[in-house]
Amino acid sequence: MRIDHVTWRDVAAYLKAGHDTVLIPVGSTEQYGPHLAMGTETRIVDAIATAVGEATGFAVTPTIPVNYTAMFLDYPGVMNASLPTLEALLTESADSLCGAGFRHLLFINIHAATVGPMEAASRAMRRRHGAVGGYIDVFSVMREVGGVTWEAKQAPTGHAAEMVTSVALHLCPELVFPDRMEAPPPLKDFAPGLRTVASGKVAHEKSSFALFSDISDYAPSGQQGDARAASAAKGKQVWDNTVAWMASAARAFAQAKLPPG
């Protein structure tokens, strides 16, 4: 049930029937390489939260389309919210939902920078309302349960690469511009012995550490991996497996109990 597609009385009936779980999708308006529209992440997370809601019967909120995207601000069109602003938005939105009677708040997240604000909001709701908060990282699930062997050698599941492009080709092909796909150059290293692994992560000797860089520092085109082997068929497999797992996880989450914070 999308709460923005029904009336308040429908939501009241859902709560009166003993349901208290709500899915809160969080997207982002950000650059996505030369071949994907900047609304791709928001479209994916909106659709997957809606699909999970349909599979489980859980309520789903509208998707939050703006996120902390400071690492992309040198690309025109990116929309950024500071971390305090994002935390306030998530906390105040969650508080209004808890005030109505929701007690299980599951964020459906597709952007790594959201983790801190989601945790802060969830802990605040536990203290104020005895609510249970959590999140699912959509891309992590796609990587782990998607079941596809990727062809790209460089970061196939990275930003704007083969995995997300395949999902977009299946879900929202109008946001994909195949004629603009290009092979990215190797990711730039920051110094000898500092090999770029992914956004904000560099490898050194036997481990790695975070480096607060922008994606343009090591991948100027805005993509981490080669997307040219992407296909809608691969995307469908990833999509189906991910929705099935997320629906199962959401049902399990709805049974979680925590003592009052």
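Please refer to the structure higher up on the page.
Residues numbered from 1 in each chain as written. Predicted model: local features only at pLDDT ≥ 70, side-chain atom pairs only at ≥ 80, totals over all residues. Heavy atoms only, no water.

Visitor: I'd like to hear about the environment of Gly133, residue by residue, with values.
Guide: Note that Gly133 resides in strand S4 (residues 132–137). Sequence separation between Gly133 and Ala210 is 77 residues, and the spatial gap between their C-alpha atoms is 27 Å. Apart from residues no more than four positions distant in its own chain, Gly133 is found in contact with Leu105, Ser122 and Phe253. (Helix = DSSP H or I, 4+ residues; strand = E, 2+ residues; numbered from the N terminus. Contact = heavy atoms within 4.5 Å.)

Visitor: Provide a residue-level description of the nonpolar core, including the pertinent values.
Guide: Judged by nonpolar contacts, the single largest core of 65 residues is most densely connected at Phe102, Ile108 and Met142. Considering each element in turn, this core owes the most residues, 8 residues, to helix H8 (residues 232–253). If we skip the residues at most four places from it in the chain, Phe102 touches Val11, Tyr14, Leu15, Asp20, Thr21, Val22, Ala59 and Leu97. By size, the runner-up hydrophobic cluster in this structure holds 7 residues, among which are Phe72, Leu187, Tyr218 and Ala219. (Core = buried A, V, L, I, M, F, W, Y, C linked by side-chain atoms within 4.5 Å. Buried < 20%, exposed > 50% of the residue type's maximum accessible area, 1.4 Å probe, protein only.)

Visitor: Run through the sheet that holds strand S5 (residues 195–198), naming residues and quoting values.
Guide: Overall, antiparallel pairing links the 3 strands, which are arranged S5-S6-S7 in an open sheet. Of all strands in the sheet, those with a lone pairing partner are S5 and strand S7 (207–210), marking the two edges. Pairs of neighbouring strands in the sheet enclose a mean axial angle of 40°, with direction left out of account. Pairing of strand S6 (residues 201–204) with S7, which is carried by 4 bridges, proceeds in the antiparallel orientation. Opposite Lys201, over in S7, you have Ala210 as the bridge partner. (Pairing = 2+ DSSP bridges. Axes fitted to C-alpha atoms, helices over the stretch in contact; angles between N-to-C directions.)

Visitor: Lay out the pattern of salt bridges with the relevant residues and their values.
Guide: Should their charged atoms come close, side chains of opposite charge can pair. In the structure shown here, the tally under the stated rule is 9 salt bridges. Asp46 is paired through a salt bridge with Arg2; the nearest N and O atoms lie 3.1 Å apart. Here Asp46, found in helix H2 (residues 40–56), pairs with Arg2, found in the segment before helix H1 (8–16); they are 44 residues apart in sequence, far enough to count as distant. The closest approach of N and O atoms between Arg128 and Asp95, which form a salt bridge, is 3.6 Å. (Salt bridge = Lys/Arg side-chain N within 4 Å of Asp/Glu carboxyl O.)

Visitor: Account for the pairing of S4, with residues named and values stated.
Guide: Here S4 shows a buried face lined by Val132, Gly134 and Ile136 and an unburied face lined by Gly133, Tyr135 and Asp137. Pairing of strand S3 (residues 104–109) with S4 involves 6 bridges; the strand directions are parallel. Within the sheet, the bridge partner assigned to Phe107 lies in S4 and is Tyr135. Once you follow S3 into helix H4 (residues 115–129) and on to S4, the crossover reads as right-handed. (Right-handed = clockwise from strand over helix to strand, strands pointing away.)

Visitor: I'd like a description of H4, backed by residues and values.
Guide: Two residues of an α-helix separated by three or four positions point the same way, owing to the 3.6 residues in each turn. With 15 residues, H4 should cover 21 Å at 1.5 Å per step; its first-to-last C-alpha distance of 21 Å lies within 8% of that length. Considered for burial, the residues of H4 that qualify are Pro117, Met118, Ala121, Ser122, Ala124 and Met125. Mapping the buried residues of H4 onto a view down its axis gives an arc of 165°, with all of them on the same face. Contacts made by the buried residues of H4 are with helix H3 (83–100), S3 and S4. A positive backbone phi angle near 70° is found at Gly130, which sits one or two residues after H4. (Expected span 1.5 Å × (residues − 1). Arc of directions from axis to C-beta.)

Visitor: How would you sum up the sheet that holds strand S2 (residues 59–60)? Please name residues and give values.
Guide: Taken together, 4 strands build an open sheet; the order of strands is S2-S1-S3-S4 and the sheet is parallel. Unpaired on one side and paired on the other, S2 and S4 mark the two borders of the sheet. Two strands pair when backbone bridges link them, and strand S1 (residues 21–26) and S3 are joined in this way by 6 bridges, in the parallel orientation. Following the sheet pairing, Val22 is matched in S3 by Leu105. Its contacts with the sheet put helix H5 (residues 138–145) on S3 and S4, and the angle it makes with S4 is roughly 55°.

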